[in-house]
Amino acid sequence: MEREVEVGKGLIISYEEDVPKLIGRQKIDIIWKKKGETFVIEAKERLSPEAIGQAIVYKELYKKENLGENVKSGILCKFADEELLQIVEKYVDEIFILE
């Protein structure tokens, strides 16, 4: 399991000794690999539209940078309402609800 994995190109704001300094890269909360699958997981206390969007975007960015991996999206949360869970079932591969 890895935490705070950066993906995306970001924006170069300066160079230090010919090394670009980037801002704006996205940070995936958790990368979890199990049985040939790589889960890109967004962790929030409460399921929200923001968490759903992040899970979808981070999965696509990670896939782009890790060709050949079987990448799945996931959300880890404590609380989730039924309305948002119905949306998650359509667009996110897995939801983990802590009890």
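Above this text is the structure in question.
1. Regarding the overall build of the protein chain
Thinking step 1. Of regular secondary structure, the protein chain possesses 2 helices and 7 strands.
Thinking step 2. The order of α-helices and β-strands along the protein chain, N terminus first, is β-β-β-β-β-α-β-α-β.
Thinking step 3. Counting only residues that meet the buried cut, the protein chain has 30% of its 99 residues in that class.
Thinking step 4. Long-range contacts, defined here as pairs at least 24 residues apart, represent 48% of the contacts in the protein chain between residues at least 6 apart.
Thinking step 5. For the protein chain, the exposed surface amounts to about 6,900 Å²; the carbon and sulfur share of it is 50%.

2. So, a negative patch on the surface
Thinking step 1. Among the surface-exposed residues, D81, E82, E83 and E89 lie close enough to one another that they form a single negatively charged patch.
Thinking step 2. Looking at E89, the relative accessible area reads 67%, which means it is exposed.

3. Topic: helix α1 (residues 49–65)
Thinking step 1. Helix length check: α1, at 17 residues, gives a terminal C-alpha distance of 25 Å against a target of 24 Å (1.5 Å per residue), a fit within 8%.
Thinking step 2. Residues A51, I52, Q54, A55, Y58, K59 and Y62 constitute the buried set of α1. All buried residues of α1 lie within an arc of 160° about the axis, which places them on one face of the element. Across α1 from its buried face, at more than 90 degrees, point the exposed residues P49, E50 and K64.

4. Examining the nonpolar core
Thinking step 1. Listed in full, the 10 residues of the largest apolar core are L47, A51, I52, A55, I75, C77, L84, L85, V88 and V92.
Thinking step 2. At the level of elements, α1, β6 (71–77) and α2 (82–91) are the ones that each hand at least two residues to this core.
Thinking step 3. Once you skip the residues sitting within four places of it in the chain, L47 turns out to touch I52, I75, C77, F79, A80, L84, L85, V88 and I95.
Thinking step 4. Within the second largest apolar cluster, 7 residues are counted, among which are I28, I31, Y58 and Y62.

5. Re the environment of E94
Thinking step 1. The residue E94 is located in strand β7 (residues 94–97) in this model.
Thinking step 2. Note on E94: relative accessible area 34%, which makes it partly exposed.
Thinking step 3. When the C-alpha positions of E94 and S73 are compared, they lie 6.4 Å apart, and in sequence the two are 21 residues distant.
Thinking step 4. Not counting residues within four places of it along the chain, the set of residues in contact with E94 comprises F39, S73, G74 and I75.

6. Notes on the packing of aromatic side chains
Thinking step 1. All told, the structure shown has 3 aromatic pairs when counted by the stated rule.
Thinking step 2. Ring geometry for W32 and F39: centres 5.8 Å apart, planes at 35°, overall tilted.
Thinking step 3. We classify F39 as buried; its relative accessible area is 5%.
Thinking step 4. Considering the side-chain rings of W32 and F96, the 5.9 Å spacing of their centres and the 70° angle between planes classify their relative orientation as edge-to-face. Of this pair, W32 sits in strand β4 (residues 26–34) while F96 sits in strand β7; the two residues are 64 residues apart in sequence, bridging distant segments of the chain.

Conventions and cut-offs
- Residues numbered from 1 in each chain as written.
- Predicted model: local features only at pLDDT ≥ 70, side-chain atom pairs only at ≥ 80, totals over all residues.
- Heavy atoms only, no water.
- Helix = DSSP H or I, 4+ residues; strand = E, 2+ residues; numbered from the N terminus.
- Buried < 20%, exposed > 50% of the residue type's maximum accessible area, 1.4 Å probe, protein only.
- Contact = heavy atoms within 4.5 Å.
- Areas by Shrake-Rupley, 256 points an atom, 1.4 Å probe, with all protein chains shown as cover.
- Patch = residues over 30% accessible without salt bridge, like charges linked within 9 Å, V, L, I, M, F, W, Y side chains within 5 Å.
- Salt bridge = Lys/Arg side-chain N within 4 Å of Asp/Glu carboxyl O.
- Lys, Arg positive; Asp, Glu negative; His and termini not counted.
- Charge placed at Lys NZ, Arg CZ, Asp CG, Glu CD.
- Expected span 1.5 Å × (residues − 1).
- Arc of directions from axis to C-beta.
- Core = buried A, V, L, I, M, F, W, Y, C linked by side-chain atoms within 4.5 Å.
- Phe/Tyr/Trp six-rings, centres within 6.5 Å; stacked < 30°, edge-to-face > 60°.

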